[in-house]
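Overview (structure and organization)
So you can see what is in the structure, the chains are spelled out below.
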Amino acid sequence: MRRGSVIGNLGKDLGLGIASLSSRKARIDTDRNGKRYCDINLNTGDLIVTDRIDREALCGKKATCVLKEELVLENPLELHRISVHVQDINDNAPQFSEDLISLEITESAVKGARFLLSEAHDADIGTNTVQRYTLQNNEHFTINVDTESGGRKHSELVLVKELDREQERELKLVLTALDGGSPQRSGTVVIHVTVLDANDNAPVFSQAVYEASLPENSPPDTVVVTVSATDADEGPNGDITYNFDHVSDDHVSLFSLDHKTGEIRVIGSIDYESETSIELRIRAKDGPGLTSYCTVIIDVTDVNDNPPIISLKSLTNPIPENVVTWYRDINDNPPVFEEQSYSAYVSENNKPGSTLCSVSARDPDWRQNGTVIYSLLAGELRSFKVQVTARDNGSPPLSSNVTVSVFISDVNDNSPQILYPAPEGNSFMTELVPKAAHGGSLVSKVIAVDADSGQNAWLSYHIVKSTDPGLFTIGVHSGEIRTQRDISESDSMKQNLIVAVKDNGQPSLSATCSMYLLISDNLAEVPELKDISYDDKNSKLTSYLIIALVCVSTFFLTFIIIILGVRFCRRRKPRLLFDGAVAIPSAYLPPNYADVDGTGTLRSAYNYDAYLTTGSRTKVGIINVQDRDSDNNRQVRCSIQQNVPFKLVPSIKNYYSLVSTGQLDRELVSVYNITITATDEGSPPLSSSKSVELSVADINDNPPVFEEQSYSAYVSENNKPGSTLCSVSARDPDWRQNGTVIYSLLAGEVSGAPVSSYLSVNGDTGVIHAVRSFDYEQLRSFKVQVTARDNGSPPLSSNVTVSVFISDVNDNSPQILYPAPEGNSFMTELVPKAAHGGSLVSKVIAVDADSGQNAWLSYHIVKSTDPGLFTIGVHSGEIRTQRDISESDSMKQNLIVAVKDNGQPSLSATCSMYLLISDNLAEVPELKDISYDDKNSKLTSYLIIALVCVSTFFLTFIIIILGVRFCRRRKPRLLFDGAVAIPSAYLPPNYADVDGTGTLRSAYNYDAYLTTGSRTSDFKFVTSYNDNTLPADQTLRKSPSDFVDPFEDLEPPVEKMRSNI
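Residues numbered from 1 in each chain as written. Predicted model: local features only at pLDDT ≥ 70, side-chain atom pairs only at ≥ 80, totals over all residues. Heavy atoms only, no water.

**Some details on the overall build of the chain**
Scanning the chain for helices and strands turns up seven helices and 70 strands. Counting the 1061 residues in the chain, one finds 41% classified as buried. Once local pairs closer than 6 in sequence are excluded, the contacts in the chain between residues at least 24 apart make up 69%. Carbon and sulfur atoms provide 51% of the accessible area of the chain, an area that totals close to 58,100 Å². (Helix = DSSP H or I, 4+ residues; strand = E, 2+ residues; numbered from the N terminus. Buried < 20%, exposed > 50% of the residue type's maximum accessible area, 1.4 Å probe, protein only. Contact = heavy atoms within 4.5 Å. Areas by Shrake-Rupley, 256 points an atom, 1.4 Å probe, with all protein chains shown as cover.)

Below, the structure is given as structure tokens:
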């Protein structure tokens, strides 16, 4: 066959698609180390010829020539053996070993003398080899062909007319050898016959067949055997020479033949694995040219000269690290049906091939040991039971049985079938009714059957038409026709009844028949028998009726006698003429419905050899070990080293499966070097080894792991967008894309906004950047989730929490709450003239939106009208007198107070505090000139309005306080005791401070007692309940006359201060 010729389609034979062949790396492997004659076309699945196949070169004279190939599939690993039978074609012509055959024959040779000729050799086999010989027409010789037991044909020259040397000294004849091939081929040789005076004896071998045994690898010059032939002639005619006859060039290179002694010696390398038996054809020829032949058969014995050859047929490299440990299964569990018995219901007339039910059995064994095959055991029919066997494919196979009951429900699909009288064409059957029959006498019986069952087979009989309706009646269920009354002379002799037989099915089916009755004691009384039927046109029925009537009457009388005898014996129903059952003939059953042994629809048995691996993902490779020796020399043991998680499992002949025995982890060991050693059983044993490097392929079995359980990032407020906060890092021990880590932010919200509006993370490096500028005063800390995900399939991921802490920056100046810096307005505090040193005059209240040391405030008087008169608490902001007020002190005192925080750099704010050293406002000559700038001319009107409002509020407040104090009877002399809270309007909305956590770290209570206009009052100076302030518990007592002049012209006093901070 030409290269590329298609032998068959492996894809179709194995049920594999084209895509499957490619993905599973289908390939053809062979046991031979030489040429590859076949291969698989992965695009079509065809097994094609890749090199010229010469049957003669491969198999020589063997009757069958088989190329053994192997189809290897991976994922999972499978091995299918392929045997390609090489058929012989007639491509070799017969050949003679020499071009000229020389014979010397004496003229004294008699008729019938035979002379053996050289054999023609044809490398083909069978009918394509030499089949016959032909000889050129001549008057002296003819050809005779003998066939040996091995099928070889040799020719003999037969003398048919004596030779006469005087007439012809020599003859030349052409011998032709023909094979049986198509087209036929031939070979020729010239026979040269020389006529001699004498020599009538040909050489004779001592044995026709010589047998010898020769070990392979025998050294050169080893004597194999010596052939010997004798010739009865003397002198030169008796000299014998030995030669090879039709020996192949390969054999000529192995052996030498001594032409004189017939000794055969070894001259080449004898190899048992190449040829186990060698046949040599030896020719002995005497001086005149007469020849004889013998055969030498040399049996080559094997010695252990070939080490095992390890062939790696398939290798999964690299190996997935998550392979499952392989355990070998034994067939120790029989199939178990899911139910103890099964019932199937089917209506008759079902379509062939319709499903009745399904049985299911489970076998916990593995692969072929757990493969369940179902079959039917012998059964019976209508409601029938069958035994279903579940058998596994183990060795030995195990099985279990279950009973399946099949109930066939009947459908009314069969009409009643009338067996008697038989409804055949227009023929009719006649019954004779005796004239003396009394009423109730049995006349005849309609016999019908219904192939259905149950109520569908319940038959009822009815007379639908009759000659005399009142004469006969029929049993509804028995079909018996009886007389209703006695027969009278007036009744018509010819009675015809039409009987309908109905079944009880839904819908009801029916059949009709005609019953012909003759009221007569014998046929002679019947005038015209031919007129018995309603059809008067059947004139030819007369003769047939007579014959039929005689037969029926005879049958009827005989039947009556038998029935009467039976009834008499049983003493049952003495009036019944007959009673019996009519069997339906077997011909009614379709011949093809018989089933034998319940073997099903597959009537042929198919045997398939499938060599499969026993674990698709644990199988690493398939190893073939070949030893060209024989017997024990080719018995091979295969093993690997002990310190690897693999082992060799024997599979089919000469095959081993390399499987894993433990869990592989690429992160621990990524490469295994496995040495496979094969040792034969020869003496001495020979061994060989093969090293295989197996890489463990990575799978994505490790999620990224962060280096820290949580991360903290610190950032100062007012940071630049895009600035780096921190970096997260995760490690994945997997390889390549399985170990490539990508970082991302887990979706979430911070203060109602997406987390992505606050932070971003570099997917490659894990560096976290700020997206916006943070404000400590709005957001002090928050948490986000960062996800580290690898690029595996499926991807694995892990999360880590990143806490972001925003540190404060001194970006807020102190804010003075009191006195309120609103425009050019100013607030004036009254300082009593009798105030002593250390008395609390007022307090500057300030806050700072920052935190920590940035919010630590300090107070300083940067300018004052009288620098030595007032001082301010550095941390409290309380303005106090440094000394007693003197008359020389200016009434109008102005203080400029600076409030500084402790930040770097420090921020500050200033405010002005206006003080009046006076006991009442009337002493102030020009209130409008209190400020340093004398431009506030409109202040007077505002002051008057304010004074009225404050006085009204003050009076109201005093009344309330007096009421409360009176009720509680506490401090009867005090007008009021409480704390003045700074209005909430003074505090910025975000400056709410709880438990002294902000800038106002102390709580202060002040009591201010002012006179209500009476001339006699005590004036108690402001007292601080703060532990950090100096006490001012002194109380000045004066007589009422001391206050007459200063207060007599004043309006009601104004409450200046009562605050609770």
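From this point, the discussion proceeds with the structure in view.
**Some words on the sheet that holds strand E68 (residues 908-917)**
Taken in spatial order, the four strands line up as E61-E68-E67-E64 in an open sheet, and their pairing is mixed. Looking at the sheet topology across the chains shown, the edges are occupied by strand E61 (828-831) and strand E64 (858-864). The average undirected angle you get between the axes of adjacent strands in this sheet is 35°. With nine bridges connecting them, strand E67 (residues 892-900) and E68 associate as antiparallel partners. When the sheet's bridge partners are listed, Lys900 is paired in E68 with Ser908. (Pairing = 2+ DSSP bridges. Axes fitted to C-alpha atoms, helices over the stretch in contact; angles between N-to-C directions.)

**What about the pattern of salt bridges?**
All chains considered together, the criterion is met by 21 salt bridges. Among the ionic pairs, Glu263 bridges to Arg265, the shortest N-O distance being 2.6 Å. With a closest N to O distance of 3.1 Å, Arg485 and Asp468 form a salt bridge. With Arg485 in the loop between strand E39 (480-483) and strand E40 (494-502) and Asp468 in the loop between strand E37 (460-466) and strand E38 (472-474), this residue pair connects regions lying 17 residues apart in the sequence. By relative accessible area, Asp468 is classed as partly exposed at 21%. The network of salt bridges with shared partners includes Arg55, Glu56 and Asp88. (Salt bridge = Lys/Arg side-chain N within 4 Å of Asp/Glu carboxyl O.)

**Remarks on the environment of Val625**
One can find Val625 in strand E43 (residues 619-626). Residues Val625 and Thr679 lie 54 residues apart in sequence; the distance between their C-alpha atoms is 9.8 Å. Apart from residues no more than four positions distant in its own chain, Val625 is found in contact with Pro308, Ile309, Ile310, Val636, Cys638, Asn654, Tyr656 and Ala678.

**Digging into the state of the cysteines**
Applying the stated criterion across every chain, the model contains one disulfide. Each sulfur in the disulfide pair Cys59 and Cys65 lies 1.9 Å from the other. Across the S-S bond linking Cys59 and Cys65, the dihedral sits near 65°, which makes this disulfide right-handed. Each member of the pair Cys59 and Cys65 is classed as buried. (Disulfide = S-S within 2.5 Å.)

**Describing the sheet that holds strand E17 (residues 209-215)**
Read from one edge of the open sheet, four strands run E17-E24-E23-E20, paired in mixed fashion. Both edges of this open sheet fall to E17 and strand E20 (241-244), since each of them pairs with a single strand only. On average, each strand axis in the sheet is tilted by 30° relative to the strand beside it, whichever way the strands run. In the sheet, E20 pairs with strand E23 (residues 277-285) via four bridges, with the strands oriented antiparallel. Counted as the bridge partner of Thr241 is Lys285 from E23.

**Examining the environment of Thr176**
Secondary-structure assignment places Thr176 in strand E14 (residues 170-179). The buried category is assigned to Thr176, whose relative accessible area is 15%. Separated by 42 residues in the primary sequence, Thr176 and Thr134 have C-alpha atoms spaced 5.1 Å apart. Setting aside residues no more than four positions away along its own chain, Thr176 makes contact with Arg132, Tyr133, Thr134, Ser186, Gly187 and Thr188.

**Side note on the nonpolar core**
Judged by nonpolar contacts, the single largest core of 29 residues is most densely connected at Phe706, Leu725, Leu759, Ile768, Phe774, Phe782 and Val802. Those elements giving two or more residues to this core turn out to be strand E50 (710-716), strand E51 (724-727), strand E53 (741-745), strand E56 (759-761), strand E57 (767-770), strand E58 (781-790) and strand E59 (797-807). Those residues in contact with Leu759, other than ones at most four positions away along the chain, are Leu725, Leu745, Ile768, His769, Ala770, Val771, Phe774, Phe782, Val784 and Val804. (Core = buried A, V, L, I, M, F, W, Y, C linked by side-chain atoms within 4.5 Å.)

**Re the pairing of E14**
For E14, a buried count of seven out of 10 residues is recorded, marking the element as mostly surrounded by other parts of the structure. Relative to E14, strand E11 (residues 130-135) runs antiparallel, the two being bridged by five bridges. If you follow Tyr133 over to E14, its bridge partner there is Ala177. Here nine bridges tie E14 to strand E15 (residues 186-196), and the two strands are oriented antiparallel to one another. The partner of Leu175 across the bridge, within E15, is Val189. Counting the residues that bridge the hairpin from E14 to E15 gives six residues.

**Thoughts on the packing of aromatic side chains**
Evaluation of the coordinates by the stated rule reveals 12 aromatic pairs. Ring centres of Tyr758 and Phe782 lie 5.6 Å apart, and the angle between their planes is 50°; on these two criteria the pair is classed as tilted. With Tyr758 in the loop between strand E55 (753-754) and E56 and Phe782 in strand E58, this pair connects stretches of sequence that are 24 residues apart. A residue is classified by how much of its surface remains accessible, and Tyr758, at 6% relative accessible area, is buried. (Phe/Tyr/Trp six-rings, centres within 6.5 Å; stacked < 30°, edge-to-face > 60°.)

**Topic: a positive patch on the surface**
On the surface, Lys68, Arg81, Arg634 and Lys653 cluster together into a positively charged patch. Mapped onto the elements of the fold, Lys68 is located in strand E5 (residues 66-73). A residue is classified by how much of its surface remains accessible, and Lys68, at 55% relative accessible area, is exposed. (Patch = residues over 30% accessible without salt bridge, like charges linked within 9 Å, V, L, I, M, F, W, Y side chains within 5 Å. Lys, Arg positive; Asp, Glu negative; His and termini not counted. Charge placed at Lys NZ, Arg CZ, Asp CG, Glu CD.)

**What to know about unusual backbone geometry**
Of note, the bond from Gln506 into Pro507 is cis; its omega dihedral lies within 30 degrees of zero at -5°. With respect to the helices, strands and loops of the structure, Pro507 is situated in the loop between E40 and strand E41 (510-519). Residue Pro905 follows Gln904 across a cis peptide bond; omega there is 0°. Checked against the element boundaries, Pro905 lands in the loop between E67 and E68. A positive phi angle, near 55°, is found at Lys25, a position not held by glycine. Relative to the elements of secondary structure, Lys25 occurs in the loop between helix H2 (18-23) and strand E2 (27-30). Phi at Arg736 takes a positive value of approximately 55°, unusual for a residue other than glycine. If you trace the backbone, Arg736 turns up in the loop between strand E52 (730-731) and E53.

**Focus: a nonpolar patch on the surface**
A cluster of nonpolar side chains, namely Leu100, Val174 and Val190, defines an oily patch on the protein surface of about 190 Å² accessible area. When you line up the elements, Val174 lands in strand E14.

**Comments concerning the side chain of His251**
Considering the arrangement of structural elements, one finds His251 in helix H4 (residues 249-252). Excluding residues within four positions of it along the chain, His251 makes contact with Glu275, Ile278, Glu279 and Leu280.

**Side note on the confidence of the model for the chain**
A residue-level look at the chain finds 79% of positions with pLDDT of 70 or above and a mean pLDDT of 78. Per-element averaging of pLDDT across the chain places strand E70 (residues 1035-1036) at the bottom with 38 and strand E49 (residues 705-706) at the top with 95. Overall, residues 572-617 carries pLDDT values under 50, and its contacts beyond four positions in sequence, including any with other chains, amount to 60 contacts. Confidence drops under pLDDT 50 across residues 971-1061; counting only partners more than four residues distant or on other chains, this segment forms 172 contacts. (pLDDT = per-residue confidence, 0-100.)

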